[in-house]
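Topology and contacts: notes
Each chain, written out:
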Amino acid sequence: APDGGGGGGGGDRLSAVALQHEQFQVASLAKVERELKAMEQGLASRLSESITLTSELARLHGLGRHAVDEEREVWESLRVVERTSSDFHDELEAHMKGCHALSLLAESLGPTPNPTLAPSPPSSSSSSSSSSSSSS
């Protein structure tokens, strides 16, 4: 009978060890579950940040593309201004050459009386001739 009692005591001890082992496993699983939930929340947060950053990147890319289009339009406008300026310069140069040619032609023809001043000398000469005739 004492052997049976000893065996029963050993069974209680075995059952206590098994219970401790089970409690340890439950605690370990609970710890792992908490860690997995924390990791899941961290991943969800990072995924949300990634989605936000991707959206912002797409928006910036669109703005960049718009800026490139605007820059291209500005360069095209500058080229048009440059061509217009060059054409105007050429026309101005041709006009200046024409004025110079007219000036040379006028010099070669000699002095010409100014029509606004032409009536003045005869009237002063007639007044001087009338004054000289009245003196005599």
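Everything quoted here is computed from the prediction, not taken from an experiment.

Let us look at the overall build of the protein chain. Scanning the protein chain from N- to C-terminus turns up 2 helices and 0 strands. Buried residues in the protein chain amount to 0% of all 136 residues. Of the roughly 12000 Å² of accessible surface on the protein chain, a fraction of 63% belongs to carbon and sulfur atoms.

Below, the discussion takes up the confidence of the model for the protein chain. Scored by pLDDT, the protein chain comes out at a mean of 82, with 74% of its residues at no less than 70. The model gives residues 1-6 a pLDDT under 50, and that stretch makes 0 contacts with residues more than four places away or in other chains. Considering only residues more than four positions removed or in separate chains, one finds that residues 125-136, a stretch of pLDDT under 50, has 0 contacts.

Turning next to a nonpolar patch on the surface. On the surface, Val32, Leu36 and Met39 cluster together into a nonpolar patch covering about 300 Å² of accessible area. Structurally, Met39 is set in helix 1 (residues 2-109).

For the structure shown, the criterion picks out 4 salt bridges. Across the salt bridge formed by Lys37 and Glu33, the nearest N and O atoms sit 3.8 Å from each other. Remark: Glu33 and Lys37 occur in helix 1; sequence separation between them is 4 residues, near one turn of the helix. Between Arg72 and Asp69 there is a salt bridge, with its nearest N and O atoms 3.2 Å apart. Of this pair, Arg72 and Asp69 both sit in helix 1, separated by 3 residues, roughly a single helical turn.

How each quantity is defined
Residues numbered from 1 in each chain as written. Predicted model: local features only at pLDDT ≥ 70, side-chain atom pairs only at ≥ 80, totals over all residues. Heavy atoms only, no water. Helix = DSSP H or I, 4+ residues; strand = E, 2+ residues; numbered from the N terminus. Buried < 20%, exposed > 50% of the residue type's maximum accessible area, 1.4 Å probe, protein only. Areas by Shrake-Rupley, 256 points an atom, 1.4 Å probe, with all protein chains shown as cover. pLDDT = per-residue confidence, 0-100. Contact = heavy atoms within 4.5 Å. Patch = residues over 30% accessible without salt bridge, like charges linked within 9 Å, V, L, I, M, F, W, Y side chains within 5 Å. Salt bridge = Lys/Arg side-chain N within 4 Å of Asp/Glu carboxyl O.

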